[in-house]
Every structure is written in C-alpha cells, then in structure tokens.
There are 2 protein chains.
Amino acid sequence: MIQNLNKHERESLHEALAKSGQKITPQREIVYTVLLAQRDHPTVDEVYNRALETMPGLSLATVYNCLETFVGCGLVRQVNHERESTRYCPNLAPHAHFRDESTGRVHDIELPKEILDQLTKILPANFETETIEISFQGRTKSSTQN
Amino acid sequence: MIQNLNKHERESLHEALAKSGQKITPQREIVYTVLLAQRDHPTVDEVYNRALETMPGLSLATVYNCLETFVGCGLVRQVNHERESTRYCPNLAPHAHFRDESTGRVHDIELPKEILDQLTKILPANFETETIEISFQGRTKSSTQN
DNA sequence: TTGAGATTTTGAATCATTCTAAACGAGTAA
DNA sequence: TTACTCGTTTAGAATGATTCAAAATCTCAA
Ligand SMILES: [Mn+2]
Ligand SMILES: [Mn+2]
Ligand SMILES: [Zn+2]
Ligand SMILES: [Zn+2]
C-alpha cells in the first residue's frame, strides 16, 4: 500500500497550491501521494489505477484535473515521448529523461547545471527560454538491469 | 507555387527509399517537395493542404503514409511538442528545436557536436543512446522577428 | 446556517492518428 | 496482349488519449 505524505511533503503540496489560490483536497492529496510513492513516471491511467486502491470512488477526470493543477503550480512535470500517453514526474531537480525502448520505462538523468548553461548559449540573442526538455531514447544493457 | 526537386534532392529521395526497398511515387515526390519548399516544420494537415495545390486528388492517409515512410528511412524527423500535432523536419543535421509559445512557430537551433558528446557522457554506463531530442520553449523578442 | 465559489463526477465530444479493405498501377511472366 | 504480383493509394471507419459540459458535492468565510 501507499504511505501518507510526511510533514514536509504535505507542506510543499499545500504551499504550491496556496500560491496559486487552490485548496488541498483528499483527491489531490492522494494523487500527489501516488506520484511520490513510485517514481516511475506513470501515465494518467497508471496514477488512476494506483489511486483507486486508496479511494475507490475517484474518477479519471479528477486525476486529469489534479495532475493539470500540479503542473500548473510547478509541483510536477509532464513528460512526453513521441505520441505516447503523457507521463508525470514529481522530481523538481533539473533532469533529463531516458526512455528505454525495449521496456518502455523512463529514467531520470541528472543534468549538470553547466550543460544547461551551455545549451542556453547556443540560442540566438533574441530567443528567451522558459523551459528546456532533453530526452534520450535507447536501450539499457542487461547486467544489473536498472 | 512549389519548385520541383532538383537533381540532388531527387537523388537523396530515391536513395533513401531504395535503401529500404521502396519506390519513388508521384505522391512521395510531392510530399517531399512540400517539406523542402518551406522549412517551417509543418503538421500533417499543413503538408496535406500545401500538396493539394499540386495534386488535387491526394488523400490525407497518403500524406500520413509518405511521412511515415520518410521517417522510417531516415529522410525526415518527427518533431513533437507537448500534445500538439506532430510536425515534420527534413533537416538532417543534428539540431535542437525552439518553439515560440506566442506564435507556435518552431525554429531549428544548430547543435554543436561537443554538446552532444557531453550529453551522452552524463548517462550511466549501461545506457545506450539511439536518439537525443532537445527542445526549448519560450518566446522570441520582437525587433527583427526571426 | 447559508451562499458563493471551487472541486469532483459522469458521460459525451474532440480530433490526431491508425486501421481496414477495396481500388490502382507498374512491372513481369506467360 | 493478358494475367499476376506486390507495393501503394484511397475513403471511410475505428481508436484512444484528452478535453468539455453540466450537474452534484464540497469547503469555508461570513
Ligand atoms: Mn519512432
Ligand atoms: Mn504547457
Ligand atoms: Zn523525471
Ligand atoms: Zn528541425
């Protein structure tokens, strides 16, 4: 089963929501809990099915709503690969994503600040960046499968 | 109107198709011509509408087919941003994309080889990359609008 | 306790993309 | 010429993730 949010986690949820004038609700709390519990970049349906175990009446639309809210207040990032279902990531550190094409799994890749800096430097002077997304596609060699 | 392919362009089209055992057809030639004529990363619908001016009977399904064929033989790249329609890019040089959020336009950003090299170095040893995608979102300041 | 405003819920609508099956066309063998 | 093969194109239906609309619930300040 899924642990509750600890004090610090509930704090950042509350703070992020409050900052954009929104409330903590049981549904939002559970959806956020699901995201933190297993950091495998779940799709909406995966979040929905995991959350159902804790709150059987929850609706899919609400999961869409909650996730959209979280993205809107900067608590969570969307991760898109090709045309697949959007995935969600609560890791707020700057990082890239690696999608293993044989398993479909998405891994976080830590992103050195210096690379981000270099990247913004390749832009023409009048281009102002708000976000940068970096995604790798490939395979992970066996051995100790990550 | 749209120029025909020049000798070199028709050559790379023929070669790329032949390499994967496929033929040049009038439809493929026109779709490829449309892509080269205006390098603004058109969507399928945009390609379709531009191609219709030259070949009125062309079907949308065929445009999907042709573009998929081109992607499959490495002639063209798909460009995805968020959940929007897929766009297509015939620029084979390594490059990133910048999406201007106020206009929706997508610009090519030249990508120094050294940055690509550095990027592959941040991966764990057992991660084998096949593709890297880098995309910026932001705005272009006015003045001489690019 | 009440009313306003936010949130959730259900089910329908959207729409880019994919699928299906029939028509077509170029090339080849008979 | 004719018939056959196989890849391609076409029209239209199906799919499926996401969004929308409207009614039901909830929250919370007054
Ligand atoms: Mn692909
Ligand atoms: Mn967005
Ligand atoms: Zn992530
Ligand atoms: Zn491009």
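Here, the structure is the one placed above.
This one's a predicted model, so the numbers in the text were calculated from it and none came from an experiment.

1. Remarks on the relation of the copies chain A and chain B
Taken as rigid bodies, chain A and chain B are interconverted by a rotation of 180 degrees and an axial shift of 0.0 Å, the fit giving an RMSD of 0.0 Å. Here the copies are linked by what is in effect a two-fold axis. Residue A:I134, judged by its C-alpha, is the member of chain A lying nearest the rotation axis, at 2.3 Å. The overlap is high: 100% of the interface residues of chain A also sit at the interface in chain B, so the same surface is used on both sides.

2. Observations regarding the protein's contact with DNA strand D
As a matter of local geometry, DNA strand D sits amid 15 residues, with A:Y64, A:T86, B:T25, B:R28 and B:T62 nearest to it. Counting only the atoms of DNA strand D within 4 Å of the protein, the fraction contributed by sugar and phosphate is 80%. Note that a sugar or linking oxygen of DNA strand D is positioned 3.2 Å from one of the side-chain N or O atoms of B:Q27. Taking B:S59, its main chain carries an N or O atom lying 3.3 Å from a phosphate oxygen of DNA strand D. Taken together, the elements giving at least two residues each to the surface near DNA strand D come down to α2 (26-37) and α4 (60-72) of chain B. Ranked by the residues each element gives to the surface near DNA strand D, the list is headed by α4(B), at 3 residues. Residue composition of the surface near DNA strand D, grouped by class: 3 nonpolar, 9 polar and 3 charged.

3. Observations regarding the packing of aromatic side chains
Between two aromatic rings, the relevant description is the distance of the centres plus the angle of the planes. Applying the stated criterion to the full structure yields 6 aromatic pairs over all chains. Seen from their ring centres, B:Y32 and B:F70 are 5.7 Å apart, and the 70 degrees between their planes marks the pair as edge-to-face. Taken together, the positions of B:Y32 in helix α2 and B:F70 in helix α4 put the pair 38 residues apart, joining distant regions of the chain. Each member of the pair B:Y32 and B:F70 is classed as buried. Through pairs of rings, three or more aromatic residues link up here, namely A:F98, A:F136 and B:F127.

4. A short note on the coordination of the zinc ion (ligand 4)
Residue and element names in this part refer to chain B. Coordination sphere of the zinc ion (ligand 4), protein contribution only: H41 (NE2), C89 (SG), H95 (NE2), H97 (NE2) and D108 (OD), at 2.1 to 2.4 Å. All donors of the zinc ion (ligand 4) come from a single chain, and their spacing in sequence reads H-x47-C-x5-H-x1-H-x10-D. Here H41, found in the loop between α2 and α3 (44-52), pairs with C89, found in strand β2 (residues 87-89); they are 48 residues apart in sequence, far enough to count as distant. Residue H41 is classed as buried on the basis of its relative accessible area of 2%. Of the residues examined, C89 reaches a relative accessible area of 1% and is grouped as buried.

5. Digging into the protein's contact with DNA strand C
A:T25, A:R28, A:A61, A:T62 and B:Y64 are the nearest of the 15 residues found near DNA strand C. Sugar and phosphate atoms constitute 80% of the interface atoms of DNA strand C, taking the interface as everything within 4 Å of the protein. A:T25 places a polar side-chain atom, nitrogen or oxygen, 2.6 Å from a phosphate oxygen of DNA strand C. Contacts to DNA strand C include A:T62, whose side-chain N or O atom sits 2.4 Å from a phosphate oxygen. Looking at the surface near DNA strand C, the elements with two or more residues in it are α2 (26-37) and α4 (60-72) of chain A. With 3 residues, α4(A) is the largest single contributor of residues to the surface near DNA strand C.

6. Digging into the interface of chain A and chain B
Many analyses report the size of an interface as the accessible area lost when the parts associate. Tallying the contact residues gives 40 residues for chain A and 40 residues for chain B. Of the roughly 3500 Å² buried between chain A and chain B, counting both surfaces, carbon and sulfur atoms make up 51%. Note that B:K141 and A:E128 form a salt bridge whose closest N and O atoms lie 3.4 Å from each other. The interface formed by chain A and chain B holds 22 residue pairs in polar contact (both at pLDDT 80 or more) in total. Every element with two or more residues in the side of chain A that touches chain B is listed here: β4 (106-110), α5 (113-121) and β5 (127-140) of chain A. Element by element, the count of residues in the side of chain A that touches chain B is highest for β5(A), at 14 residues. When grouped by side-chain class, the residues that make up the side of chain A that touches chain B number 13 nonpolar, 16 polar and 11 charged. Bridge count between β5(A) and strand β5 (residues 127-140) of chain B: 13 bridges; the pairing is antiparallel. By the bridge assignment for β5(B), A:T129 is matched with B:G138.

7. Here we look at the sheet that holds β5(A)
The 6 strands lie next to each other as β4(A)-β3(A)-β5(A)-β5(B)-β3(B)-β4(B), forming an open sheet whose pairing is mixed. Bordering the open sheet on either side are β4 of chain A together with β4 (106-110) of chain B, each of which pairs with just one other strand. Strand-to-strand twist in this sheet, taken as the mean axis angle between neighbours without regard to direction, amounts to 30 degrees. With 5 bridges joining them, strand β3 (residues 95-100) of chain A and β4(A) adopt antiparallel strand pairing. Looking across to β4(A), one finds that A:F98 is bridged to A:H107.

Basis of the calculations
- Residues numbered from 1 in each chain as written.
- Chains lettered and ligands numbered in written order.
- Predicted model: local features only at pLDDT ≥ 70, side-chain atom pairs only at ≥ 80, totals over all residues.
- Heavy atoms only, no water.
- Least-squares fit on C-alpha atoms with pLDDT ≥ 70 in both.
- Contact = heavy atoms within 4.5 Å.
- Near = heavy atom within 4 Å.
- Polar contact = N/O pair within 3.5 Å; in protein donor to acceptor, adjacent residues only side chain to side chain.
- Helix = DSSP H or I, 4+ residues; strand = E, 2+ residues; numbered from the N terminus.
- Nonpolar A, V, L, I, M, F, W, Y, C, P; charged D, E, K, R; others polar.
- Phe/Tyr/Trp six-rings, centres within 6.5 Å; stacked < 30°, edge-to-face > 60°.
- Buried < 20%, exposed > 50% of the residue type's maximum accessible area, 1.4 Å probe, protein only.
- Donors = N, O, S within 2.8 Å, 3.2 Å for Na, K, Ca; no water.
- Buried area = accessible area lost by both parts, 1.4 Å probe.
- Salt bridge = Lys/Arg side-chain N within 4 Å of Asp/Glu carboxyl O.
- Pairing = 2+ DSSP bridges.
- Axes fitted to C-alpha atoms, helices over the stretch in contact; angles between N-to-C directions.

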